[in-house]
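Single-letter residue listing:
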Amino acid sequence: MMKYVLTALLQVLLVGVSIGQQDSVVFAQADWTVKKIARGVYLKQYWFNKSLFGSRQNISILEIKLNHRNRIDIAADSVHLQPTSQFGKDHDALAAINGTFFDMKNGGSVDYVRLDGKTLNATRLEKNNARAMHQKAAIIASGHKVSIRQWNGEAGWEDQLAGEDVMVTGPLLLWNHQRVLLDTTSFYTHRHPRSAVAIKGKKVLLITVDGRNLKAAGMQLSELASIAKWLKADACVNLDGGGSTTLWIQQFPDGGVINYPSDNKKMEKSALYKPGTDLDNLAADEQKWDHSGQRPVANVIVVNKKK
(Lines give C-alpha, C1' and ligand atoms only; values in the text may rest on other atoms or scores of the structure.)
Protein backbone atom coordinates (compact mmCIF):
# COMPACT_ATOMS: atom_id res chain seq x y z
CA MET A 1 0.00 0.00 0.00
CA MET A 2 2.78 2.41 0.95
CA LYS A 3 4.44 1.73 -2.39
CA TYR A 4 1.33 2.86 -4.28
CA VAL A 5 0.99 5.99 -2.12
CA LEU A 6 4.61 6.97 -2.77
CA THR A 7 4.19 6.31 -6.48
CA ALA A 8 1.08 8.48 -6.64
CA LEU A 9 2.81 11.26 -4.71
CA LEU A 10 5.79 11.14 -7.05
CA GLN A 11 3.48 11.38 -10.07
CA VAL A 12 1.78 14.47 -8.59
CA LEU A 13 5.15 16.10 -7.96
CA LEU A 14 6.34 15.35 -11.49
CA VAL A 15 3.15 16.83 -12.96
CA GLY A 16 3.67 19.96 -10.83
CA VAL A 17 7.25 20.31 -12.03
CA SER A 18 6.16 19.85 -15.65
CA ILE A 19 3.47 22.52 -15.36
CA GLY A 20 5.95 24.89 -13.72
CA GLN A 21 8.40 24.36 -16.56
CA GLN A 22 5.67 25.05 -19.12
CA ASP A 23 4.77 28.30 -17.35
CA SER A 24 8.40 29.44 -17.30
CA VAL A 25 8.63 28.86 -21.06
CA VAL A 26 5.38 30.76 -21.66
CA PHE A 27 6.71 33.64 -19.57
CA ALA A 28 10.09 33.70 -21.33
CA GLN A 29 8.58 33.61 -24.81
CA ALA A 30 6.01 36.36 -24.23
CA ASP A 31 6.23 39.25 -26.68
CA TRP A 32 6.29 42.01 -24.08
CA THR A 33 5.30 45.55 -24.99
CA VAL A 34 8.28 47.74 -24.05
CA LYS A 35 8.14 51.53 -23.69
CA LYS A 36 11.05 53.80 -22.80
CA ILE A 37 9.94 56.14 -20.02
CA ALA A 38 13.25 57.93 -19.48
CA ARG A 39 16.90 57.10 -19.81
CA GLY A 40 17.39 53.84 -17.94
CA VAL A 41 13.66 53.45 -17.19
CA TYR A 42 11.49 51.02 -19.18
CA LEU A 43 7.89 49.82 -18.85
CA LYS A 44 7.19 46.22 -19.86
CA GLN A 45 3.66 44.83 -20.09
CA TYR A 46 1.97 41.67 -21.26
CA TRP A 47 -1.48 40.12 -21.03
CA PHE A 48 -1.42 36.33 -20.82
CA ASN A 49 -4.73 35.01 -22.19
CA LYS A 50 -5.36 31.84 -20.16
CA SER A 51 -1.75 30.84 -20.73
CA LEU A 52 0.07 31.52 -17.43
CA PHE A 53 -0.65 29.35 -14.37
CA GLY A 54 -3.70 28.17 -16.29
CA SER A 55 -5.26 31.63 -16.02
CA ARG A 56 -5.42 35.09 -17.52
CA GLN A 57 -2.73 37.35 -16.08
CA ASN A 58 -1.95 41.00 -16.75
CA ILE A 59 1.55 41.97 -15.63
CA SER A 60 3.29 45.34 -15.64
CA ILE A 61 6.98 45.75 -14.80
CA LEU A 62 8.76 49.08 -14.45
CA GLU A 63 12.51 48.51 -14.73
CA ILE A 64 14.74 51.26 -13.30
CA LYS A 65 18.49 51.37 -13.69
CA LEU A 66 19.84 53.16 -10.62
CA ASN A 67 22.38 55.84 -11.50
CA HIS A 68 22.93 59.55 -11.06
CA ARG A 69 19.77 60.21 -13.10
CA ASN A 70 17.33 57.87 -11.35
CA ARG A 71 16.69 57.22 -7.69
CA ILE A 72 14.09 55.49 -5.54
CA ASP A 73 12.44 57.25 -2.59
CA ILE A 74 9.55 56.58 -0.24
CA ALA A 75 6.64 59.02 0.05
CA ALA A 76 4.07 58.75 2.84
CA ASP A 77 1.64 60.55 5.11
CA SER A 78 1.47 59.68 8.80
CA VAL A 79 -2.35 59.73 8.83
CA HIS A 80 -4.06 60.79 5.60
CA LEU A 81 -4.76 58.44 2.71
CA GLN A 82 -4.60 59.41 -0.95
CA PRO A 83 -4.27 57.64 -4.33
CA THR A 84 -0.86 56.49 -5.51
CA SER A 85 -1.15 58.88 -8.46
CA GLN A 86 -1.60 61.85 -6.13
CA PHE A 87 1.49 60.92 -4.12
CA GLY A 88 3.40 60.75 -7.40
CA LYS A 89 2.16 64.14 -8.58
CA ASP A 90 2.80 65.81 -5.22
CA HIS A 91 6.44 64.65 -5.33
CA ASP A 92 6.89 65.47 -9.04
CA ALA A 93 7.90 61.84 -9.46
CA LEU A 94 8.52 60.04 -12.70
CA ALA A 95 6.58 57.00 -11.46
CA ALA A 96 5.08 55.49 -8.31
CA ILE A 97 3.80 52.18 -6.98
CA ASN A 98 1.65 51.62 -3.89
CA GLY A 99 3.59 50.80 -0.73
CA THR A 100 3.12 48.75 2.41
CA PHE A 101 0.09 47.85 4.54
CA PHE A 102 -1.97 50.54 6.26
CA ASP A 103 -4.94 51.26 8.50
CA MET A 104 -7.88 51.74 6.12
CA LYS A 105 -10.12 53.13 8.85
CA ASN A 106 -7.82 55.49 10.75
CA GLY A 107 -5.07 56.08 8.21
CA GLY A 108 -1.32 55.72 8.53
CA SER A 109 0.90 52.72 7.95
CA VAL A 110 0.72 49.69 10.25
CA ASP A 111 4.30 48.92 9.27
CA TYR A 112 7.43 50.93 10.02
CA VAL A 113 8.13 53.85 7.65
CA ARG A 114 11.12 56.20 7.82
CA LEU A 115 11.50 59.27 5.62
CA ASP A 116 14.75 61.22 5.29
CA GLY A 117 16.10 59.61 8.44
CA LYS A 118 13.03 60.32 10.60
CA THR A 119 10.51 57.70 11.74
CA LEU A 120 7.03 58.49 10.41
CA ASN A 121 5.18 55.33 11.49
CA ALA A 122 6.20 52.60 13.94
CA THR A 123 5.44 48.92 13.41
CA ARG A 124 2.12 47.96 15.00
CA LEU A 125 2.69 44.47 16.36
CA GLU A 126 -0.18 42.02 16.79
CA LYS A 127 -1.92 41.56 20.16
CA ASN A 128 0.53 38.88 21.28
CA ASN A 129 3.46 41.14 20.29
CA ALA A 130 4.15 38.90 17.33
CA ARG A 131 5.07 40.26 13.92
CA ALA A 132 2.56 39.99 11.10
CA MET A 133 3.68 38.25 7.90
CA HIS A 134 4.14 41.69 6.29
CA GLN A 135 6.52 42.92 9.02
CA LYS A 136 9.45 40.60 8.38
CA ALA A 137 11.27 42.37 5.56
CA ALA A 138 12.18 45.92 4.58
CA ILE A 139 13.06 48.07 1.59
CA ILE A 140 15.86 50.58 2.16
CA ALA A 141 16.44 53.51 -0.19
CA SER A 142 19.48 55.72 0.30
CA GLY A 143 20.50 58.06 -2.46
CA HIS A 144 20.85 55.98 -5.60
CA LYS A 145 21.06 52.66 -3.75
CA VAL A 146 18.18 50.33 -2.92
CA SER A 147 18.30 47.10 -0.94
CA ILE A 148 15.97 44.55 0.63
CA ARG A 149 16.55 43.26 4.15
CA GLN A 150 15.25 40.24 6.03
CA TRP A 151 14.06 40.43 9.66
CA ASN A 152 16.81 39.12 11.96
CA GLY A 153 14.38 37.90 14.62
CA GLU A 154 15.06 40.74 17.05
CA ALA A 155 12.64 43.29 18.50
CA GLY A 156 13.23 46.82 17.26
CA TRP A 157 15.07 45.48 14.22
CA GLU A 158 13.81 48.21 11.90
CA ASP A 159 15.15 50.99 14.13
CA GLN A 160 18.66 49.66 13.59
CA LEU A 161 18.47 49.57 9.80
CA ALA A 162 20.81 52.13 8.23
CA GLY A 163 19.22 54.19 5.49
CA GLU A 164 17.46 57.45 4.64
CA ASP A 165 14.12 55.89 3.67
CA VAL A 166 12.94 52.58 5.12
CA MET A 167 9.68 50.72 4.52
CA VAL A 168 8.87 47.49 6.36
CA THR A 169 6.73 45.16 4.27
CA GLY A 170 6.41 41.54 3.23
CA PRO A 171 6.42 38.70 3.02
CA LEU A 172 9.81 38.14 1.45
CA LEU A 173 9.46 36.08 -1.74
CA LEU A 174 13.01 35.72 -3.00
CA TRP A 175 16.31 35.96 -1.08
CA ASN A 176 19.80 35.45 -2.53
CA HIS A 177 18.21 34.24 -5.78
CA GLN A 178 16.31 31.51 -3.89
CA ARG A 179 12.64 31.14 -3.08
CA VAL A 180 11.58 31.74 0.51
CA LEU A 181 9.35 29.16 2.21
CA LEU A 182 5.84 30.62 2.27
CA ASP A 183 2.88 29.99 4.56
CA THR A 184 -0.19 28.09 3.38
CA THR A 185 -2.88 30.45 4.72
CA SER A 186 -5.41 32.00 2.34
CA PHE A 187 -3.51 35.29 2.01
CA TYR A 188 -0.71 33.33 0.37
CA THR A 189 -2.69 30.75 -1.62
CA HIS A 190 -5.68 32.73 -2.91
CA ARG A 191 -5.29 34.76 -6.08
CA HIS A 192 -5.35 38.53 -5.64
CA PRO A 193 -3.95 41.61 -7.36
CA ARG A 194 -0.32 41.87 -6.21
CA SER A 195 2.46 44.46 -6.01
CA ALA A 196 6.14 43.75 -5.43
CA VAL A 197 9.64 45.21 -5.53
CA ALA A 198 12.57 43.18 -6.84
CA ILE A 199 16.30 43.89 -6.96
CA LYS A 200 18.27 42.69 -9.97
CA GLY A 201 21.88 43.83 -9.82
CA LYS A 202 21.80 47.62 -10.22
CA LYS A 203 18.18 47.56 -11.35
CA VAL A 204 14.97 47.87 -9.37
CA LEU A 205 11.81 46.22 -10.70
CA LEU A 206 8.39 47.54 -9.67
CA ILE A 207 5.86 44.80 -10.43
CA THR A 208 2.06 44.83 -10.50
CA VAL A 209 -0.25 41.92 -11.23
CA ASP A 210 -3.91 42.75 -11.85
CA GLY A 211 -6.76 40.60 -10.56
CA ARG A 212 -10.35 40.19 -9.37
CA ASN A 213 -11.59 40.40 -12.95
CA LEU A 214 -12.40 37.92 -15.70
CA LYS A 215 -9.51 39.42 -17.69
CA ALA A 216 -6.99 38.97 -14.89
CA ALA A 217 -7.13 36.33 -12.17
CA GLY A 218 -4.44 37.70 -9.86
CA MET A 219 -1.75 35.48 -8.35
CA GLN A 220 -0.90 33.36 -5.38
CA LEU A 221 2.27 34.57 -3.66
CA SER A 222 4.09 31.44 -4.80
CA GLU A 223 3.22 32.39 -8.40
CA LEU A 224 4.48 35.92 -7.82
CA ALA A 225 7.71 34.41 -6.48
CA SER A 226 7.99 32.41 -9.70
CA ILE A 227 7.75 35.63 -11.71
CA ALA A 228 10.61 37.14 -9.68
CA LYS A 229 12.64 33.97 -10.13
CA TRP A 230 12.11 33.96 -13.90
CA LEU A 231 13.15 37.63 -14.02
CA LYS A 232 16.45 36.50 -12.43
CA ALA A 233 15.98 38.83 -9.45
CA ASP A 234 18.41 38.70 -6.53
CA ALA A 235 15.65 39.45 -4.00
CA CYS A 236 11.94 40.24 -4.11
CA VAL A 237 9.44 41.39 -1.49
CA ASN A 238 5.67 41.64 -1.55
CA LEU A 239 3.89 44.98 -1.04
CA ASP A 240 0.28 45.64 -0.10
CA GLY A 241 -1.91 44.28 -2.89
CA GLY A 242 -5.59 43.77 -3.56
CA GLY A 243 -7.39 47.03 -4.27
CA SER A 244 -4.22 48.96 -3.41
CA THR A 245 -2.24 47.59 -6.38
CA THR A 246 -1.46 50.60 -8.60
CA LEU A 247 1.39 51.56 -10.91
CA TRP A 248 1.45 55.19 -12.02
CA ILE A 249 3.67 56.96 -14.58
CA GLN A 250 3.83 60.71 -15.08
CA GLN A 251 2.12 62.15 -18.18
CA PHE A 252 0.67 58.84 -19.32
CA PRO A 253 -2.97 58.60 -20.46
CA ASP A 254 -5.77 57.76 -18.02
CA GLY A 255 -4.27 59.98 -15.34
CA GLY A 256 -1.01 58.03 -15.49
CA VAL A 257 -2.40 54.78 -14.06
CA ILE A 258 -1.11 52.03 -16.33
CA ASN A 259 -2.52 48.92 -14.66
CA TYR A 260 -6.15 48.04 -13.86
CA PRO A 261 -6.85 48.69 -10.15
CA SER A 262 -9.61 46.46 -8.84
CA ASP A 263 -11.56 48.86 -6.63
CA ASN A 264 -13.61 50.22 -9.55
CA LYS A 265 -16.54 47.83 -9.12
CA LYS A 266 -19.66 49.98 -9.24
CA MET A 267 -21.43 50.11 -12.59
CA GLU A 268 -24.57 52.19 -12.05
CA LYS A 269 -24.49 53.54 -15.61
CA SER A 270 -23.61 50.28 -17.34
CA ALA A 271 -25.99 48.04 -19.22
CA LEU A 272 -25.42 45.42 -16.53
CA TYR A 273 -26.91 47.54 -13.79
CA LYS A 274 -30.50 46.93 -12.78
CA PRO A 275 -32.45 48.55 -9.94
CA GLY A 276 -31.86 46.66 -6.72
CA THR A 277 -28.43 45.33 -7.72
CA ASP A 278 -25.98 45.00 -4.84
CA LEU A 279 -23.24 47.21 -6.29
CA ASP A 280 -20.66 46.19 -3.68
CA ASN A 281 -20.90 42.51 -4.61
CA LEU A 282 -20.94 42.47 -8.38
CA ALA A 283 -19.52 39.34 -9.99
CA ALA A 284 -16.10 39.50 -11.62
CA ASP A 285 -17.63 39.67 -15.09
CA GLU A 286 -19.61 42.73 -14.04
CA GLN A 287 -16.63 44.72 -12.81
CA LYS A 288 -15.06 47.47 -14.86
CA TRP A 289 -11.75 46.90 -16.60
CA ASP A 290 -10.28 50.38 -16.63
CA HIS A 291 -7.74 52.59 -14.86
CA SER A 292 -10.10 54.40 -12.50
CA GLY A 293 -10.22 52.03 -9.52
CA GLN A 294 -7.41 53.44 -7.38
CA ARG A 295 -7.68 52.90 -3.63
CA PRO A 296 -6.33 55.69 -1.36
CA VAL A 297 -3.17 54.48 0.40
CA ALA A 298 -0.83 55.70 3.15
CA ASN A 299 2.50 55.37 1.37
CA VAL A 300 4.15 54.70 -1.97
CA ILE A 301 7.52 54.06 -3.56
CA VAL A 302 8.45 56.74 -6.08
CA VAL A 303 10.94 56.95 -8.92
CA ASN A 304 12.55 60.36 -8.90
CA LYS A 305 14.43 61.83 -11.82
CA LYS A 306 17.38 64.21 -11.67
CA LYS A 307 16.18 67.78 -11.21
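Quick caveat, the model's predicted, so the values are computed rather than measured. (Residues numbered from 1 in each chain as written. Predicted model: local features only at pLDDT ≥ 70, side-chain atom pairs only at ≥ 80, totals over all residues. Heavy atoms only, no water.)

(A) Highlighting helix H4 (residues 221-230). Buried residues dominate H4, accounting for 7 of its 10 residues. When H4 is considered as a whole, its buried residues turn out to be Leu-221, Glu-223, Leu-224, Ala-225, Ser-226, Ile-227 and Ala-228. The positive-phi residue at the C-terminal boundary of H4 is Lys-232, with phi of around 65 degrees. (Buried < 20%, exposed > 50% of the residue type's maximum accessible area, 1.4 Å probe, protein only. Helix = DSSP H or I, 4+ residues; strand = E, 2+ residues; numbered from the N terminus.)

(B) How the structure looks around the pairing of strand S8 (residues 137-142). Within S8, 5 of the 6 residues are buried, which leaves the element mostly enclosed by the surrounding structure. Direction of pairing for S8 relative to strand S9 (residues 145-150): antiparallel, over a ladder of 6 bridges. Among the inter-strand pairings, Ile-139 is bridged to a residue of S9, identified as Ile-148. Hairpin remark: S8 followed by S9, antiparallel, with 2 residues in the connecting loop; positive phi at Gly-143, about 65 degrees. (Pairing = 2+ DSSP bridges.)

(C) Here's a closer look at unusual backbone geometry. The amide bond that connects Gly-170 to the next residue, Pro-171, takes the cis arrangement and shows omega of 0 degrees. Relative to the elements of secondary structure, Pro-171 occurs in the loop between strand S10 (165-169) and strand S11 (172-175). Even without being a glycine, Asn-129 presents a positive backbone phi close to 65 degrees. Tracing the chain through its elements places Asn-129 in the loop between strand S7 (118-121) and S8.

(D) Just the sheet that holds strand S3 (residues 55-65), in detail. In spatial order, the strands read S1-S2-S3-S14-S13-S15-S11-S12; together these 8 strands make up an open sheet with antiparallel pairing. Each edge of the sheet is formed by a strand with only one pairing partner; in this case those strands are strand S1 (33-38) and strand S12 (178-179). Bridge analysis of S11 against strand S15 (residues 235-238) gives 2 bridges, and the strand direction is antiparallel. Bridging across to S15, Leu-174 finds its partner in Cys-236. Contacts between H4 and the sheet are confined to strand S2 (41-52), S3, S11, S12, strand S13 (194-200), strand S14 (203-209) and S15, with S11 contributing the most and set at about 30 degrees to the helix. (Contact = heavy atoms within 4.5 Å. Axes fitted to C-alpha atoms, helices over the stretch in contact; angles between N-to-C directions.)

(E) Region of the structure containing the nonpolar core. Ranked by internal contacts, the top residues of the largest apolar core, which has 33 residues, are Leu-62 and Ile-72. Each residue touching Leu-62, except ones within four places of it in the same chain, is listed here: Ile-37, Val-41, Tyr-42, Leu-43, Ala-95, Val-204, Leu-205, Leu-206, Leu-247, Ile-249 and Val-303. Listed in part, the 25 residues of the second largest apolar core include Val-209, Leu-221, Ala-225 and Ala-233. (Core = buried A, V, L, I, M, F, W, Y, C linked by side-chain atoms within 4.5 Å.)

(F) Examining the packing of aromatic side chains more closely. Using the criterion set out here, one finds 10 aromatic pairs in the structure. For the ring pair Phe-27 and Phe-48, a centre distance of 6.1 Å and an interplane angle of 10 degrees mean the geometry is stacked. Linking Phe-27 in helix H1 (residues 2-29) with Phe-48 in strand S2, this pair joins segments that are 21 residues apart in sequence. Here Phe-27 falls in the buried class, since its relative accessible area comes to 6%. A centroid spacing of 5.8 Å and a plane angle of 85 degrees characterise the contact between Phe-187 and Tyr-188, whose relative ring orientation is edge-to-face. (Phe/Tyr/Trp six-rings, centres within 6.5 Å; stacked < 30°, edge-to-face > 60°.)

(G) Examining the layout of surface pockets more closely. When its volume is computed, the largest pocket comes out at roughly 190 Å³. Forming the boundary of the largest pocket are Met-133, Lys-136, Gln-150, Trp-151, Pro-171, Leu-172, Val-180, Leu-181, Leu-182, Asp-183 and Tyr-188. Its residues assigned to classes, the lining of the largest pocket comprises 8 nonpolar, 1 polar and 2 charged. (1 Å grid on protein atoms, 1.4 Å probe; cavity = no way out; pocket = protein on both sides within 12 Å on 5 of 7 lines; lining within 4 Å. Points joined across faces, edges and corners; volume = space filled by probe spheres on them. Nonpolar A, V, L, I, M, F, W, Y, C, P; charged D, E, K, R; others polar.)

(H) Summary view of the sheet that holds S7. Across the sheet, 5 strands lie side by side as S7-S6-S10-S8-S9; this open sheet has antiparallel pairing. Here the strands that pair on one side only, and so sit at the sheet edges, are S7 and S9. With strand direction ignored, the average angle separating the axes of adjacent strands in the sheet is 25 degrees. Pairing geometry for strand S6 (residues 113-115) and S7, over 3 bridges, is antiparallel. Following the sheet pairing, Leu-115 is matched in S7 by Lys-118.

(I) Examining empty space enclosed by the protein more closely. This model, assessed by the stated rule, comprises 2 cavities of 30 Å³ or more. Of the voids in this model, the largest cavity is the one considered here, and its volume is about 60 Å³. Asn-213, Tyr-260, Pro-261, Ser-262 and Lys-288 are the residues nearest the centre of the largest cavity, which is lined by 11 residues in total. Counted by class, the lining of the largest cavity contains 3 nonpolar, 5 polar and 3 charged residues.

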